[in-house]
Amino acid sequence: VSLRHAEIVPRLINIAGHAGRWEPIPPTGLRVSWRMGDGSQLVLCANLHDEPLVGYNCWEGRQLWLEGCATGDTLEGWTVVWSLVDEPDAGA
């Protein structure tokens, strides 16, 4: 079973409109989050540059996917981290 089918698809039921939001992680990063239908939060953190992004902790909840290299306060160049913060019924 694929990760997307097992972890994300079931949480799409009852997802509200405008469930996503984004914010920059200066100078080269981006954080995007979606409030899922069960109240959990799907989070994407990405460094969109070849230089490391230092001073930002992208570890939230349970890591689903890591492409590249990330530590507690550094996203290496071209790194993407997907995570899931389980918060049933939070904000619903």
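Our subject is the structure that appears above.
This is a predicted model, so every value here is computed, not measured. (Residues numbered from 1 in each chain as written. Predicted model: local features only at pLDDT ≥ 70, side-chain atom pairs only at ≥ 80, totals over all residues. Heavy atoms only, no water.)

Here we come to unusual backbone geometry. In this chain, Pro-26 is followed by Pro-27 through a cis amide linkage whose omega measures 0 degrees. By secondary structure assignment, the location of Pro-27 is in the loop between strand S1 (20–25) and strand S2 (29–35). The phi dihedral of Asn-14 is positive, around 70 degrees, even though this residue is not glycine. Note that Asn-14 resides in the loop between helix H1 (3–8) and S1. (Helix = DSSP H or I, 4+ residues; strand = E, 2+ residues; numbered from the N terminus.)

A side chain of one charge can pair with a side chain of the opposite charge when the charged atoms of the two come close. What the rule picks out here adds up to 8 salt bridges. Across the pair Arg-21 and Glu-23 runs a salt bridge, and its minimum N-O distance is 3.3 Å. One salt bridge in this structure joins Arg-62 and Asp-86, with 3.7 Å as the shortest N-O distance. With Arg-62 in strand S5 (residues 62–67) and Asp-86 in the segment after strand S7 (80–85), this residue pair connects regions lying 24 residues apart in the sequence. Each member of the salt-bridge network shares a partner with another, and the members are Glu-7, Arg-11, Asp-38, Arg-62 and Asp-86. (Salt bridge = Lys/Arg side-chain N within 4 Å of Asp/Glu carboxyl O.)

Everything listed here is a matter of geometry and, on its own, says nothing about what the molecule does.
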